[in-house]
Amino acid sequence: MNRKLRLLSLILVLILAFGMTSCAKEEPASTSMEVNKEVVEEPAEEPATEEPAAETEANVVEEKVMAYFANMPDHIYKIGQKDFLDMVKAGEDITILDIRSEKDYSESHVKGAFNLPWGTAISDNLSKIPNDKPVFVYCYTGQTAGQAVATLNVAGFNARSVNLGWNLGISTVEGYDEVAETTVNALSDDVTEINSDVQIALDDYYSGLNAVADTKYKNYKISEDGLKEMVDSEDDSIYVLSVRSEKDYLEGHIKGASNIPWGKGMEQQFSTLPMDKTIVVYCYTGQTAGQTVAGLRLLGYDAVSLNGGMGMEPNAPYGWSNKGFEVVK
């Protein structure tokens, strides 16, 4: 009996050993869930979104130029010579800029005026002009003051030009000598922060005067005789633009001229102007044309103004019609 039990135990041990060996050789069975399991890829990282680039110089300046015309006040950035002198006599808190030559300034100027001769003296000293009070600018006849006023407003100042300047405006007002002086007044240290892009644009604007100093377009202007010669010869390098009212344009204008009437909203038509020609702008006496020229040049156009504009009695003998040149309807 014992012998049979030992034999049975041995058989059981062998069976168990064989079973363990077989299990060791088999690969573990995969469950249905594991077989059907999809490989899920990690989502690809999206490229980092770049921060919007800072506004370029051109964009900043363009925005300010367009706003200059779009937000034009009723006084159109000018003041009558008598009203200006009344303000000076009343001692109002204003800043006065005389942009005539240093020599002419030293001989006589409006009391309290600072001298920034037309050119880079203006752009070099922008930060020294206080912007917490109105700024009034005068030149000789008002035309370059018109340009200066546009650039000053673009720089953030509340600036206006004095009608017809010193020669044809201020010095013709009775009693003007009561507020004239020869004392040299100096601007203080930096008092105003100027946008860096605007500063660069105005540096280029005023330094650019040197490039045209010995040409027919000196001071970003052209003489009446110079324009007549180009009109008569049908010179295709220019585009003549009248900024007088539509009514006055229809009554008589320079041959070949187009018309964008001066006023709020005129900037909406600037895109119709050619970029490949010199745009000759004229108004009545030159001041609003000067403002237009400054704006157009800052927008990238090659623009100049006609000396004396179409011409009126107060600015004779300057101006196209005051010279007796032909106008057409």
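Throughout this description, residue numbers start from 1 for each chain and increase along the sequence as written. Reporting in this predicted model follows two pLDDT cut-offs: at least 70 for local features of residues, and 80 or more for side-chain atom pairs to be given and counted; totals over whole chains, interfaces and linings ignore these cut-offs and use all residues. Remark: hydrogens and water are excluded; side-chain values derive from all non-hydrogen atoms of the structure.

Trainee: Quick rundown of the overall build of the protein chain? Include the residues and the values.
Mentor: When you go through the protein chain residue by residue, the secondary structure sums to 12 helices and 12 strands. The burial tally for the protein chain puts 46% of its 329 residues in the buried class. By definition in these notes, contact holds between two residues if any of their heavy atoms fall within 4.5 Å. The contacts in the protein chain between residues at least 6 apart in sequence include a share of 70% that link residues at least 24 apart. What sets the accessible areas is the Shrake-Rupley method with a 1.4 Å probe; for residues, cover comes only from the shown protein chains. About 18,400 Å² of surface is accessible on the protein chain, with carbon and sulfur atoms providing 51% of the total. In this description a helix means any DSSP run of H or I spanning at least four residues, a strand means any run of E spanning at least two, and both kinds are numbered starting from the N terminus. Three exposure classes are used, based on accessible area relative to the maximum for each residue type with a 1.4 Å probe and protein chains only: buried under 20%, partly exposed in between, and exposed over 50%.

Trainee: Give me the lowdown on the side chain of Thr-141, citing residues and values where you can.
Mentor: Within the secondary structure, Thr-141 is located in the loop between β5 (135-138) and α7 (143-154). If we ignore the near neighbours within four places in the chain, the residues touching Thr-141 are Leu-164, Gly-165, Leu-168 and Gln-287.

Trainee: Quick rundown of helix α12 (residues 287-298)? Include the residues and the values.
Mentor: Expected span of a helix, by definition, is 1.5 Å for each gap between consecutive residues, and there is one gap fewer than residues. The end-to-end C-alpha separation of α12 is 17 Å, in line with the 16 Å expected for 12 residues at 1.5 Å each. Counted residue by residue, α12 has 11 buried out of 12 residues, so it is predominantly covered. All of the buried residues along α12 are Gln-287, Thr-288, Ala-289, Gly-290, Gln-291, Thr-292, Val-293, Ala-294, Gly-295, Leu-296 and Leu-298. Gly-300 sits one or two residues past α12 and shows a positive phi near 105°.

Trainee: Lay out the packing of helix α9 (residues 196-207) against α12 in plain terms, naming residues and giving numbers.
Mentor: Note on geometry: axes are lines fitted to C-alpha atoms, helical ones only across the stretch in contact, with angles between N-to-C directions running from 0 to 180 degrees. In contact at an axis separation of 11 Å, α9 and α12 are set at 115° when each is read in the N-to-C sense. Here α9 runs over α12; the crossing is right-handed. Contacts from Ala-201, Leu-202 and Tyr-205 of α9 reach α12 at Val-293, Ala-294, Arg-297 and Leu-298. Handedness of a crossing follows from how the near helix is turned relative to the far one, being left-handed for an anticlockwise turn of less than a right angle and right-handed for a clockwise one.

Trainee: For the sheet that holds strand β4 (residues 114-115), give the residues involved together with the corresponding values.
Mentor: Two strands pair under a simple rule: DSSP has to find at least two bridges between them. A sheet is described by the order of its strands in space; here 5 strands give the open sequence β1-β6-β5-β2-β4, paired in parallel fashion. The open sheet has two edge strands with one neighbour each: β1 (78-79) and β4.

Trainee: Give a detailed account of the sheet that holds strand β9 (residues 238-242), specifying residues and quantitative values.
Mentor: Strand order in this open sheet of 5 strands is β8-β12-β11-β9-β10, and the pairing throughout is parallel. Each edge of the open sheet carries a strand with a single partner, namely β8 (221-222) and β10 (258-259). As judged from the 2 bridges shared by β8 and strand β12 (residues 302-306), these two strands associate in the parallel manner. Among the inter-strand pairings, Lys-221 is bridged to a residue of β12, identified as Ser-305.

Trainee: If you had to explain unusual backbone geometry to someone new, which residues and values would you point to?
Mentor: In this structure, Pro-317 follows Ala-316 across a cis peptide bond, with omega equal to 10°. Positive phi outside glycine occurs at Leu-164, with the angle close to 65°. Structurally, Leu-164 is set in the loop between β6 (159-162) and α8 (165-169). With phi around 50°, Glu-234 is a residue other than glycine that occupies positive phi space. With respect to the helices and strands, the residue Glu-234 is situated in the loop between α10 (224-232) and β9. You can call Glu-234 exposed: its relative accessible area is 60%.

Trainee: Lay out the nonpolar core with the relevant residues and their values.
Mentor: If you look at the biggest cluster of nonpolar residues, it comprises 53 residues, and the most contacted ones within it are Val-137 and Leu-152. Mapped onto this core, the elements with two or more residues apiece are α3 (57-70), β5, α7, α9, β11 (278-282) and α12. It is α7 that contributes the most residues to this core, 6 residues altogether. Segment limits for the domains were obtained from an automatic or database-derived domain assignment. Looking at which domains feed residues into this core, each of domain 1 (59-213) and domain 2 (214-328) gives three or more. Setting aside its immediate chain neighbours within four residues, Val-137 contacts Leu-97, Ile-99, Ala-145, Ala-148, Val-149, Leu-152, Arg-160, Ser-161 and Val-162. Throughout this description, the term nonpolar core refers to a set of buried Ala, Val, Leu, Ile, Met, Phe, Trp, Tyr and Cys residues connected via side-chain atoms within 4.5 Å.

Trainee: Mind laying out the pattern of salt bridges, listing which residues take part and the relevant values?
Mentor: Between Lys or Arg on one side and Asp or Glu on the other, a salt bridge is scored when a side-chain nitrogen of the former is within 4 Å of a carboxyl oxygen of the latter. Enumeration according to the criterion identifies 8 salt bridges in this entry. A salt bridge links Asp-86 to Lys-82; the shortest N-O distance between them is 3.2 Å. Residue Asp-86 and its partner Lys-82 are located together in helix α4 (residues 81-89), separated by 4 residues, close to a single helical turn. Given a relative accessible area of 34%, Asp-86 falls into the partly exposed group. Here Asp-302 ties to Arg-297 by a salt bridge, and the two come within 3.3 Å at their closest N and O atoms. The partly exposed category is assigned to Asp-302, whose relative accessible area is 32%. The class of Arg-297 is partly exposed, set by a relative accessible area of 23%.

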